[in-house]
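Single-letter residue listing:
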Amino acid sequence: RRILAFPYPVDGFYYSAFFALLLKLVGELSLPTAQWVWGLLQVALAAALAVIPIRGWLKLAGWRLVLYVLLFATSIPLLHNFKWGQVSVLVTLSVLASLQAHGSRRDTAAGIWLAFGVAIKYYVAWFVFYYLIRRQWRVLLAFSAAVIGFLVVVPSLVLGPVVTYQFHREAYDNLAAASSLIAQDW
């Protein structure tokens, strides 16, 4: 909510300035409205996450489809997403959308989707090795440009380059301070 007035991450915020700017849109709403909007967004994202594998890779029908939906709907990561308002579904969706776009020969979109995931949670960058090993240069070029756009250009245009750097530095410091706790949290 306060990113523009006080452009530094609050304690426990481990994400990018770009994602903070996106969250500001929800943060401007009253708490009950923001909870409803975030909840509806979570449902929509979960539905998309459930559908992509069915439409793209899994050929399921009958009892197998019912079993898939049951396992998906009761998976711990999905339930955690709903209980605590996590962003794991959004991050996972960005990786799957990248793979699906690449499979449809939309390399630019594949790179942008992966970069969007990185702009939320940095560890998504590990998935770039898939494209690197496969020598998918167009995906990697789009990814690189989009990462720079999401993590540097957009926040720098809104907050300024120095403040963007400081924001990312403090978010990194927050993450480093909590890393031992995070490593022990199953």
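What counts, and where the lines are drawn
Residues numbered from 1 in each chain as written. Predicted model: local features only at pLDDT ≥ 70, side-chain atom pairs only at ≥ 80, totals over all residues. Heavy atoms only, no water. Helix = DSSP H or I, 4+ residues; strand = E, 2+ residues; numbered from the N terminus. Buried < 20%, exposed > 50% of the residue type's maximum accessible area, 1.4 Å probe, protein only. Contact = heavy atoms within 4.5 Å. Lys, Arg positive; Asp, Glu negative; His and termini not counted. Charge placed at Lys NZ, Arg CZ, Asp CG, Glu CD. Patch = residues over 30% accessible without salt bridge, like charges linked within 9 Å, V, L, I, M, F, W, Y side chains within 5 Å. Areas by Shrake-Rupley, 256 points an atom, 1.4 Å probe, with all protein chains shown as cover. Salt bridge = Lys/Arg side-chain N within 4 Å of Asp/Glu carboxyl O. Polar contact = N/O pair within 3.5 Å; in protein donor to acceptor, adjacent residues only side chain to side chain. Axes fitted to C-alpha atoms, helices over the stretch in contact; angles between N-to-C directions. Parallel < 35°, antiparallel > 145°, perpendicular 65-115°, else oblique. Left-handed = near helix turned anticlockwise from the far one by under 90°. Nonpolar A, V, L, I, M, F, W, Y, C, P; charged D, E, K, R; others polar. Phe/Tyr/Trp six-rings, centres within 6.5 Å; stacked < 30°, edge-to-face > 60°.

A.B. asks: Help me understand the overall build of the chain, please; the structure alone is not making it clear to me.
C.D. replies: In terms of helices and strands, the chain carries nine helices and zero strands. Counting helices and strands in the order they occur from the N terminus, the chain gives α-α-α-α-α-α-α-α-α. Burial analysis of the chain (186 residues in total) assigns 39% to the buried set. At a minimum sequence separation of 6, the contacts of the chain that also span at least 24 residues come to 68%. For the chain, the centre of its 14 positive side-chain charges and the centre of its 6 negative side-chain charges are spaced 17 Å apart.

A.B. asks: What am I meant to see in a nonpolar patch on the surface here?
C.D. replies: Where nonpolar side chains cluster on the molecular surface, the patch consists of Leu 4, Ile 148, Val 152, Val 153, Val 154, Leu 157 and Val 158 and spans about 610 Å² of accessible area. By secondary structure assignment, the location of Val 158 is in helix 8 (residues 137-159). Residue classification places Val 158 among the partly exposed positions, given a relative accessible area of 44%.

A.B. asks: Explanation requested: the side chain of Ser 98 in the structure shown.
C.D. replies: Mapped onto the elements, Ser 98 comes out in helix 5 (residues 88-103). Within polar-contact distance, the side chain of Ser 98 engages the backbone oxygen of Ala 110 at 2.7 Å. If near-sequence neighbours (up to four positions away) are discounted, Ser 98 is found in contact with Ala 110, Trp 113, Leu 114 and Tyr 131.

A.B. asks: Where do I start with the packing of helix 6 (residues 107-118) against helix 8 in this structure?
C.D. replies: Taken N-terminus to C-terminus, the directions of helix 6 and helix 8 make an angle of 40 degrees; their axes are 7 Å apart at the nearest point. Regarding the angle of helix 6 to helix 8, the classification is oblique. You can see that helix 6 and helix 8 cross each other, and the crossing is right-handed. Contact residues: Asp 107, Thr 108, Ala 110, Gly 111, Ile 112, Leu 114, Ala 115, Phe 116 and Val 118 in helix 6; Arg 138, Val 139, Ala 142, Phe 143, Ala 146, Val 147, Phe 150 and Leu 151 in helix 8. Split into classes, the residues belonging to the contact of helix 6 with helix 8 amount to 13 nonpolar, two polar and two charged.

A.B. asks: What am I meant to see in the environment of Tyr 122 here?
C.D. replies: You can see Tyr 122 is positioned in the loop between helix 6 and helix 7 (128-133). Spatially, the C-alpha atom of Tyr 122 lies 7.8 Å from that of Tyr 15, the residues being 107 residues apart in sequence. Once residues within four sequence positions are removed from consideration, Tyr 122 is found in contact with Tyr 14, Tyr 15, Ser 16, Leu 151 and His 168.

A.B. asks: Would you mind showing me how to read the environment of Gly 149 here?
C.D. replies: Looking at the secondary structure, you find Gly 149 in helix 8. Spatially, the C-alpha atom of Gly 149 lies 9.5 Å from that of Ala 119, the residues being 30 residues apart in sequence. Those residues in contact with Gly 149, other than ones at most four positions away along the chain, are Val 154 and Pro 155.

A.B. asks: So what exactly am I meant to see when it comes to the packing of aromatic side chains here?
C.D. replies: For any two aromatic rings, the description comes down to two numbers: the centre-to-centre distance and the angle of the planes. A complete count under the given rule lists eight aromatic pairs for this structure. Ring geometry for Tyr 15 against Phe 19: centres 5.5 Å apart, planes inclined by 65 degrees, an arrangement best described as edge-to-face. In this pair, the class of Tyr 15 matches that of Phe 19, namely buried. With a centroid separation of 6.3 Å and 90 degrees between ring planes, the pair formed by Trp 113 and Phe 116 is classed as edge-to-face. One end of the pair is Trp 113 and the other is Phe 116, both in helix 6 and three residues apart, which spans about a single turn.

A.B. asks: Sorry if this is basic, but what is going on with the pattern of salt bridges here?
C.D. replies: Side chains that carry opposite charge are capable of pairing whenever their charged atoms lie near each other. Summed over the entire model, instances satisfying the criterion amount to three salt bridges. For the salt bridge of Arg 138 with Asp 107, the shortest nitrogen-to-oxygen distance reads 4.0 Å. Placement of the pair is Arg 138 in helix 8 and Asp 107 in helix 6, with a sequence separation of 31 residues. The class of Asp 107 is buried, set by a relative accessible area of 13%.

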